[in-house]
Amino acid sequence: MLFTISGLTLLSFATHFWMIVAAVFLVGVGSSIFHPEASRVAFLGSGGKRGLAQSIFQLGGNSGSAIGPLLVAVIVAPYGQFYIIWFVIAGFIGIWVLAKIAVWYQDHLSLQASKKIVTEEEFVPLSKRKIKISIGILLLLIFSKFFYMTSMSSYFTFYLMHKFGLSIQDSQFHLFLFLASVAAGTLIGGPLGDRFGRKYIIWVSILGAAPFTLLLPYADLFWTGVLSVIIGVVIASAFSAILVFAQELMPGKVGMISGLFFGFAFGMGGLGSAFLGYLADKTSIEYVYQISSYLPLIGIFTYFLPNIKKKVIST
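Residues numbered from 1 in each chain as written. Predicted model: local features only at pLDDT ≥ 70, side-chain atom pairs only at ≥ 80, totals over all residues. Heavy atoms only, no water.

*Asks:* I'd love a proper account of the overall build of the protein chain, names of residues and values included.
*Replies:* Helix and strand counts for the protein chain come out as 12 helices and 2 strands. In sequence order, the protein chain lays out its α and β elements as α-α-α-α-β-α-α-α-α-α-α-α-α-β. Against the compact-globule benchmark of 20 Å for 315 residues, the protein chain has a radius of gyration of 20 Å, which places it among compact chains. Expressed along its principal axes, the backbone C-alpha trace of the protein chain runs to roughly 65 × 45 × 30 Å. Here the protein chain, with 315 residues, has 43% of them falling under the buried criterion. Sequence separation of at least 24 residues holds for 80% of the intrachain contacts in the protein chain that already meet a minimum separation of 6. The average position of the 20 basic charges and that of the 11 acidic charges among the side chains of the protein chain differ by 12 Å. (Helix = DSSP H or I, 4+ residues; strand = E, 2+ residues; numbered from the N terminus. Rg over C-alpha atoms; globule rule 2.2 N^0.38 Å. Buried < 20%, exposed > 50% of the residue type's maximum accessible area, 1.4 Å probe, protein only. Contact = heavy atoms within 4.5 Å. Lys, Arg positive; Asp, Glu negative; His and termini not counted. Charge placed at Lys NZ, Arg CZ, Asp CG, Glu CD.)

*Asks:* I'd love a proper account of the pattern of salt bridges, names of residues and values included.
*Replies:* Per the counting criterion, the structure on display carries 4 salt bridges. In this structure, Glu-248 and Arg-50 form a salt bridge, with 3.7 Å as the shortest nitrogen-oxygen distance. Within this pair, whereas Glu-248 is found in helix α10 (residues 238-249), its partner Arg-50 is found in helix α3 (residues 50-79), the two being separated by 198 residues in sequence. Here Glu-248 and Arg-50 have matching classes, each one buried. The partner of Arg-198 in a salt bridge is Glu-248, and the shortest N-O contact between them spans 3.0 Å. Taken together, the residues span a long stretch of sequence, with Arg-198 in helix α7 (residues 198-208) and Glu-248 in helix α10 at a distance of 50 residues. For the pair shown, Arg-198 and Glu-248 are each scored as buried. (Salt bridge = Lys/Arg side-chain N within 4 Å of Asp/Glu carboxyl O.)

*Asks:* Could you give me a rundown of the packing of helix α6 (residues 168-196) against α7, with the residues and numbers involved?
*Replies:* Closest axis-to-axis distance for the α6/α7 pair is 7 Å, and the angle between their directions is 135°. One finds that α6 runs oblique with respect to α7. Contacts between α6 and α7 involve Gly-189, Gly-190, Leu-192, Gly-193, Asp-194 and Phe-196 on the former and, on the latter, Arg-198, Tyr-200 and Ile-201. Each residue belonging to the contact of α6 with α7 can be placed in one class, and the counts come to 4 nonpolar, 3 polar and 2 charged. (Axes fitted to C-alpha atoms, helices over the stretch in contact; angles between N-to-C directions. Parallel < 35°, antiparallel > 145°, perpendicular 65-115°, else oblique. Nonpolar A, V, L, I, M, F, W, Y, C, P; charged D, E, K, R; others polar.)

*Asks:* Quick one: what's the story with the packing of aromatic side chains, residue by residue and with numbers?
*Replies:* In this structure the tally under the stated criterion is 18 aromatic pairs. A ring pair is formed by Phe-34 and Phe-57, whose centres lie 6.1 Å apart and whose planes are at 40°; its orientation type is tilted. On the criterion of sequence distance, the pair formed by Phe-34 in helix α2 (residues 17-44) and Phe-57 in helix α3 is long-range, its members being 23 residues apart. A relative accessible area of 28% places Phe-34 in the partly exposed class. Overall, the relative accessible area of 18% leaves Phe-57 in the buried class. With a centroid separation of 5.5 Å and 80° between ring planes, the pair formed by Phe-146 and Phe-239 is classed as edge-to-face. Of this pair, Phe-146 sits in helix α5 (residues 128-164) while Phe-239 sits in helix α10, placing them 93 residues apart in sequence. An aromatic cluster is present here, built from Phe-34, Phe-57, Phe-146, Phe-239, Phe-262 and Phe-266 joined pairwise through their rings. A cation sits over an aromatic face here: Lys-145 above Phe-146, 4.8 Å from the ring centre. (Phe/Tyr/Trp six-rings, centres within 6.5 Å; stacked < 30°, edge-to-face > 60°. Lys NZ or Arg CZ within 6 Å of the ring centre and 35° of its normal.)

*Asks:* Hey, could you go over the environment of Ala-73 for me, with residue numbers and the actual values?
*Replies:* Tracing the backbone through its elements, the reader meets Ala-73 in helix α3. Once you skip the residues sitting within four places of it in the chain, Ala-73 turns out to touch Pro-78, Gln-169 and Gln-172.

*Asks:* Account for α7, naming residues and giving values.
*Replies:* Where α7 is concerned, the buried positions are Arg-198, Lys-199, Ile-201, Ile-202, Ser-205 and Ile-206. Down the axis of α7, the smallest arc covering the buried residues is 160°, so these residues share one side. In α7, the exposed residues that point more than 90 degrees away from the buried face are Tyr-200 and Val-204. Looking at the buried side of α7, the elements it contacts are α3, α5, α6, α8 (210-215), α9 (221-236) and α10. (Arc of directions from axis to C-beta.)

*Asks:* Summarise the nonpolar core; cite the residues concerned and give the values.
*Replies:* Of all hydrophobic cores here, the largest spans 59 residues; its most connected members are Leu-138, Ile-202, Phe-261 and Tyr-289. Counting residues per element, this core draws most heavily on α5, which supplies 16 residues. Not counting residues within four places of it along the chain, the set of residues in contact with Tyr-289 comprises Ser-151, Met-152, Tyr-155, Phe-156, Tyr-159, Leu-216 and Pro-217. Ile-5, Leu-8, Val-76 and Ile-84 belong to the second-largest nonpolar core, a separate cluster that totals 5 residues. (Core = buried A, V, L, I, M, F, W, Y, C linked by side-chain atoms within 4.5 Å.)

*Asks:* Summarise the side chain of Ser-12; cite the residues concerned and give the values.
*Replies:* Positionally, Ser-12 belongs in helix α1 (residues 2-13). Once residues within four sequence positions are removed from consideration, Ser-12 is found in contact with Gln-81, Phe-82, Ile-84 and Ile-85.

*Asks:* Describe the confidence of the model for the protein chain, with residues and values.
*Replies:* Here the protein chain averages 86 in pLDDT, while 94% of its residues score no lower than 70. In the model of the protein chain, strand β2 (residues 311-313) stands out as the element of lowest mean pLDDT, 43, in contrast to α8, which has the highest, 96. For the stretch residues 117-121, pLDDT sits under 50, and the model shows 11 contacts to residues farther than four places along the chain or on other chains. Note on residues 311-315: pLDDT is under 50 here. Beyond four places in sequence and across chains, it has 12 contacts. (pLDDT = per-residue confidence, 0-100.)

Here it is, written out as structure tokens:
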């Protein structure tokens, strides 16, 4: 939270490009520190409903991402860059919330140590080679999901302004609708994975988004809005299922797996943004969406994921 607050403060005063880069760096460091351990705490507090817990955890971030463009349109665009400083308030609220969670976390660890509780061991009946291949497939699916998500979150406003002549405020509103649908899809995906199996949710989410992404570049403004909402709900439902699936493949390394997948997801988002921006400069923003529309077809590799059957031994 302190890194994030520092980044937002610097961004509100930034007068040179290097200052903007430094501000983004600080916010990124804050996010990278926060997510692995926070995901581990969500795992511990899940009560067995890991997909639901992970979805609720990610809902906070996705809701913030959805509200962000709306706040930019309402506060920053009309009044100026300095008004970013008001968003620092959210960072201080975050510090207060985390302080409360830290008390619970400390009590949980103390109770576990005092009673010498041995948590349930989950044995996955797969070879190390099969687990590594499965982790690789899941990372490939993360690549396809976040590369496509980047095309929407970073360039959707430019696409709408260029193709349909929308204003900044109107295009930001459409981006808000997409990101709100992402938040909804995130919340839906986890519980469905708990109920029906994570592999099926991953399959439907990644590959199931393909028909809609393939149609998007050729739709008019109305159907572009409708398709973007459908894509957001469908494709976002995968991440909770993917992350918990990976955690269950390596149950003793929840923090490491969370760090790996969040880091890879954010990294793919950053690389995707740079690559797609370069591609847009060399070709056109419409071409970017035509190429990106094929990314969800990578979801076909979900077929090669194992069906995990766990033996749970209580001690």
